[in-house]
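# Commentary on secondary and tertiary structure
Each chain, letter by letter, is given below.
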Amino acid sequence: MSRIVFLNGSFLPIEEARVPFMDRGFLFGDGVYEGIGVLDGRLVDNEAHLERLERSLAEVRIPNPYSPAEWTALEEEIVRRNGMTEGFIYFQVTRGVAERDFFFPEDAKPTVAMFTQAKTIADAPAARTGIAVVTVPDLRWARRDVKSINLLAQVLAKQAAKEAGAQEAWMVEDGYVTEGGSSSAFIVTTGGSIVVRPLSQAILPGITRKSLLRLSQEDGIPLEERRFTVEEAHGAAEAFLTSASNFVLPVVSIDGRPVGEGKPGPITRRLRELYLQMARAPASLAAE
Ligand SMILES: Cc1ncc(COP(=O)(O)O)c(C=O)c1O
């Protein structure tokens, strides 16, 4: 079966999907995107992702081409057409196609592109073993709360991590960890509290982060919403990251030093379990 993508109103085989040369996403990175996890064929935290999309679009003044109900119908349809039960939906909205000029075009229509990536999330080996991260300078712009398609700093950060034998980069500004290249960063103190950086323009408001904080509160796990330094991370009892495509993933080494005992810790494992429980379809739906 050919992979089916969505482009500007049509579902079509990926080989036939063409974006015009003068698209502002291609020329300027003038657009925003979203990424949503799929488990048991269902969209995870979809409503919150669509709210963040609405906000990102408003911040860069691109009109939202679809209502939440319309977006949801497209997401469900692309999942169905690709027969995907577990993985990731990516979609982006650019300011559209116009002769190259920095000013907003008068009459361009936003370009909408969506695709799926099948991926094992619930039983991912990395969830059992944990992953390594390295810290790198945060080279990004000042509006990281907008989910911009400009990801050059993250491309460089994550490539540096890969070349250092790690799977994710934790970006650092003024000695404090901001977030991962494509994930929110957490540590657990030796006293058993979760520590996560508060929301601001310095980080993306992670949707998985948001759900995880609610779940951890309901479970009575103490939370400290504050910045943490690289040194504190090196001495943490546990560390983990969250993202729509990984849910909760243990971090077992930072800059080549083991975190805690160098294996996934009990609080991280508990949080992953809670998130999976939330994301999983009820048994009756999964069996359909
Ligand atoms: C920079 C950054 N921070 C955090 C996240 C995690 O956000 P979410 O949980 O909404 O996937 C992402 C996801 O792509 C990201 O790119």
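Taking an unreviewed UniProt entry as the reference, the protein is identified by name as Probable branched-chain-amino-acid aminotransferase belonging to Microvirga arsenatis. The record held by UniProt for the protein lists under Function (unreviewed entry) the comment "Acts on leucine, isoleucine and valine." Recorded under Sequence similarities (unreviewed entry), the UniProt text for the protein is reproduced unchanged: "Belongs to the class-IV pyridoxal-phosphate-dependent aminotransferase family."

The next point concerns the packing of helix α2 (residues 46-60) against helix α3 (residues 68-81). The geometry of α2 relative to α3 is characterised by a closest axis approach of 11 Å and an angle of 120° between their N-to-C directions. Of the possible angle classes, the one that applies to α2 and α3 is oblique. Every pair of crossing elements has a handedness; the one defined by α2 and α3 is right-handed. For the pair α2 and α3, the contacting residues are N46, L50 and L53 in the first and P68, W71, T72 and E75 in the second. Classifying every residue of the contact of α2 with α3 by side-chain character gives four nonpolar, two polar and one charged.

This part takes up helix α6 (residues 207-218). Under the 1.5 Å per step criterion, the end-to-end length of α6 is 17 Å for twelve residues, consistent within 8% with the ideal 16 Å. Three or more residues of α6 are buried, namely I207, T208, R209, S211, L212, L213, L215 and S216.

Inspection of every chain in the model, using the stated rule, returns 19 salt bridges. Between E179 and R140 there is a salt bridge; the shortest N-O distance is 2.9 Å. Of this pair, E179 sits in strand β9 (residues 176-180) while R140 is found in the loop between β7 (131-137) and α5 (152-163), placing the two residues 39 residues apart along the sequence. For the pair E179 and R140, one class covers both residues: buried.

The full set close to the ligand counts 18 residues, and R52, E179, I207, T208 and A244 are the nearest of them. Between the ligand and R52 there is a distance of 2.8 Å, counted from an oxygen atom to a side-chain nitrogen or oxygen. Between the ligand and K147, the relevant distance is 3.0 Å, taken from an oxygen atom to a side-chain nitrogen or oxygen of the residue. If the ligand stood free it would expose 390 Å²; the protein chains cover 93% of that surface. Where the shell around the ligand is concerned, the elements lending two or more residues are α2, β9, α6 and β13 (238-243). Tallied by class, the residues present in the shell around the ligand amount to four nonpolar, ten polar and four charged. Here the shell around the ligand spans two domains, and each of domain 1 (4-118) and domain 2 (125-280) adds at least three residues to it.

What follows is about the pairing of β13. Of all six residues making up β13, six are buried, and the element is well covered by its neighbours. Going residue by residue along β13, you find E238, F240 and T242 tucked away on one face and A239, L241 and S243 tucked away on the opposite face as well. In this sheet, β13 lies alongside strand β10 (residues 184-188) in antiparallel orientation, the contact comprising five bridges. For A185, the partnering residue across the bridge sits in β13 and is L241. Relative to strand β14 (residues 247-254), β13 runs antiparallel, the two being bridged by five bridges. Note on β14: the bridge partner recorded for L241 is L249. Between β13 and the antiparallel strand that follows it, β14, lie three residues.

Rules of the game
Residues numbered from 1 in each chain as written. Predicted model: local features only at pLDDT ≥ 70, side-chain atom pairs only at ≥ 80, totals over all residues. Heavy atoms only, no water. UniProt positions renumbered as here; feature names shortened; annotations may be inferred. Axes fitted to C-alpha atoms, helices over the stretch in contact; angles between N-to-C directions. Helix = DSSP H or I, 4+ residues; strand = E, 2+ residues; numbered from the N terminus. Parallel < 35°, antiparallel > 145°, perpendicular 65-115°, else oblique. Left-handed = near helix turned anticlockwise from the far one by under 90°. Contact = heavy atoms within 4.5 Å. Nonpolar A, V, L, I, M, F, W, Y, C, P; charged D, E, K, R; others polar. Expected span 1.5 Å × (residues − 1). Buried < 20%, exposed > 50% of the residue type's maximum accessible area, 1.4 Å probe, protein only. Salt bridge = Lys/Arg side-chain N within 4 Å of Asp/Glu carboxyl O. Near = heavy atom within 4 Å. Polar contact = N/O pair within 3.5 Å; in protein donor to acceptor, adjacent residues only side chain to side chain. Areas by Shrake-Rupley, 256 points an atom, 1.4 Å probe, with all protein chains shown as cover. Domains from an automatic or database assignment. Pairing = 2+ DSSP bridges.

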